[in-house]
Amino acid sequence: MQAGLIKQEARLLGADACGVASVDRFGNAPEGFRPQDIFEPAKSVIVFLRTIPSEILDCRNPVPYTGAAFLLYQEIDRLGLSLVRYLNASRIRAVPIPCDTPYLHWEPDRMRGQGILSMRHAAHLAGLGYIARSTLLINRSFGNMVYIGAVLTDQEFESDPIVTDSCPGGCRICLDVCPVQALDGRTVDQQRCRPRSFSTNPRGFTLYDCCLCRRSCPRKNGY
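Conventions we followed
Residues numbered from 1 in each chain as written. Predicted model: local features only at pLDDT ≥ 70, side-chain atom pairs only at ≥ 80, totals over all residues. Heavy atoms only, no water. Helix = DSSP H or I, 4+ residues; strand = E, 2+ residues; numbered from the N terminus. Rg over C-alpha atoms; globule rule 2.2 N^0.38 Å. Buried < 20%, exposed > 50% of the residue type's maximum accessible area, 1.4 Å probe, protein only. Areas by Shrake-Rupley, 256 points an atom, 1.4 Å probe, with all protein chains shown as cover. Lys, Arg positive; Asp, Glu negative; His and termini not counted. Charge placed at Lys NZ, Arg CZ, Asp CG, Glu CD. Salt bridge = Lys/Arg side-chain N within 4 Å of Asp/Glu carboxyl O. Pairing = 2+ DSSP bridges. Arc of directions from axis to C-beta. Phe/Tyr/Trp six-rings, centres within 6.5 Å; stacked < 30°, edge-to-face > 60°. Lys NZ or Arg CZ within 6 Å of the ring centre and 35° of its normal.

Asks: Could you give an account of the overall build of the chain, naming the residues involved and the relevant values?
Replies: Each helix and strand in the chain was counted, giving 7 helices and 10 strands. A compact globule built from 223 residues should have a C-alpha radius of gyration of about 17 Å, and the chain, at 17 Å, falls within 12% of that. Expressed as lengths along the three principal axes of its C-alpha atoms, the size of the chain is roughly 50 × 45 × 35 Å. Within the span of the chain, comprising 223 residues, buried residues form 44% of the whole. Carbon together with sulfur atoms contributes 49% to the accessible area of the chain, which is approximately 11,800 Å² in total. One finds the centroid of the 26 positive side-chain charges in the chain at a distance of 4 Å from the centroid of its 22 negative side-chain charges.

Now the structure itself:
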């Protein structure tokens, strides 16, 4: 099977973009967070994107953004599982990776969680964009208005070229707009970010309260 057929199927299933990365590209990932640490026979990582409408960031109420984000998590995970079934039908072994939760790594003193595979790095290595100073993925067509899914396979497929673009020189809009100074241009201080970004209302619903770094980016909708 050619990588082009997998990308075509991913789009038929609802993906807005799809790319492929060899597991060899993940050599700099921390031990325990590489594709082979999850699925030992893994040789390729198939990564796909789903978009979220940018207008949702302009709402003064957090409910529309929260609802759309939660729905996207489900859509992406279902898409990944469907893609695995498609690969299985061709006798290709594959494993879907949850796009958000659950994950194992948690540092309570720093309020720092880490997924079993870094989705934004996987997307970058699969040629789907670059990682901005906000730590969000920037795709040329869709900007940072994307959520990411991935599937590991035991087959080698041709990797896509890695995007070498970066944020405009000197731009620090996302860093300066952060109300808790959680960004330093390389990573995010989750201990500062989480209490500002998430809340639970009296009814017990989790809400996404802050998306300023995403909303303020000049490349929010692509470039």
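There is more to say, and it comes next.
Asks: Tell me about the pattern of salt bridges, residues and numbers included.
Replies: This structure, assessed with the given rule, holds 9 salt bridges. Residue Asp 184 is joined to Arg 186 by a salt bridge in which the shortest nitrogen-to-oxygen separation is 3.4 Å. Judged by relative accessible area, Asp 184 falls into the partly exposed class, the value being 36%. With a shortest N-O distance of 3.7 Å, Arg 192 and Asp 189 are connected by a salt bridge. A residue is classified by how much of its surface remains accessible, and Arg 192, at 43% relative accessible area, is partly exposed. Ionic contacts of the salt-bridge type, sharing partners, join the residues Asp 16, Arg 50 and Glu 75 into one network.

Asks: Before we move on, can you summarise the pairing of strand β8 (residues 146-153) with the specific residues and values?
Replies: With 8 of 8 residues buried, β8 is to be regarded as a mostly interior element. Burial along β8 is two-sided: the face carrying Val 146, Ile 148, Ala 150 and Leu 152 and the face carrying Tyr 147, Gly 149, Val 151 and Thr 153 are both buried. Pairing between strand β2 (residues 44-51) and β8: 8 bridges, direction antiparallel. The partner of Arg 50 across the bridge, within β8, is Tyr 147.

Asks: Any details on helix α1 (residues 3-12)? Residues and values, ideally.
Replies: Burial in α1 covers these residues: Ala 3, Ile 6, Lys 7, Glu 9 and Ala 10. For α1, the angular spread of buried residues about the axis comes to 160 degrees, placing them on one side. Where α1 terminates, the next one or two residues include Gly 14, which has phi positive at roughly 120 degrees.

Asks: Any chance you could break down the packing of aromatic side chains for me, citing the residues and the numbers?
Replies: Scanning the entire structure with this criterion turns up 6 aromatic pairs. Residues Phe 70 and Tyr 208 carry aromatic rings whose centres are separated by 5.4 Å and whose planes lie at 70 degrees to one another, so their mutual orientation is edge-to-face. In this pair, Phe 70 sits in helix α3 (residues 63-88) while Tyr 208 sits in strand β10 (residues 206-208), placing the two residues 138 residues apart along the sequence. Classification of Phe 70 by relative accessible area gives partly exposed; the value is 32%. For the ring pair Tyr 73 and Tyr 147, a centre distance of 5.5 Å and an interplane angle of 55 degrees mean the geometry is tilted. On the criterion of sequence distance, the pair formed by Tyr 73 in helix α3 and Tyr 147 in strand β8 is long-range, its members being 74 residues apart. Since its relative accessible area comes to 16%, Tyr 73 is described here as buried. When its relative accessible area of 8% is taken as the criterion, Tyr 147 is described as buried. Between the NZ or CZ atom of Arg 219 and the centre of the ring of Tyr 223, over which it lies, the distance is 4.4 Å.

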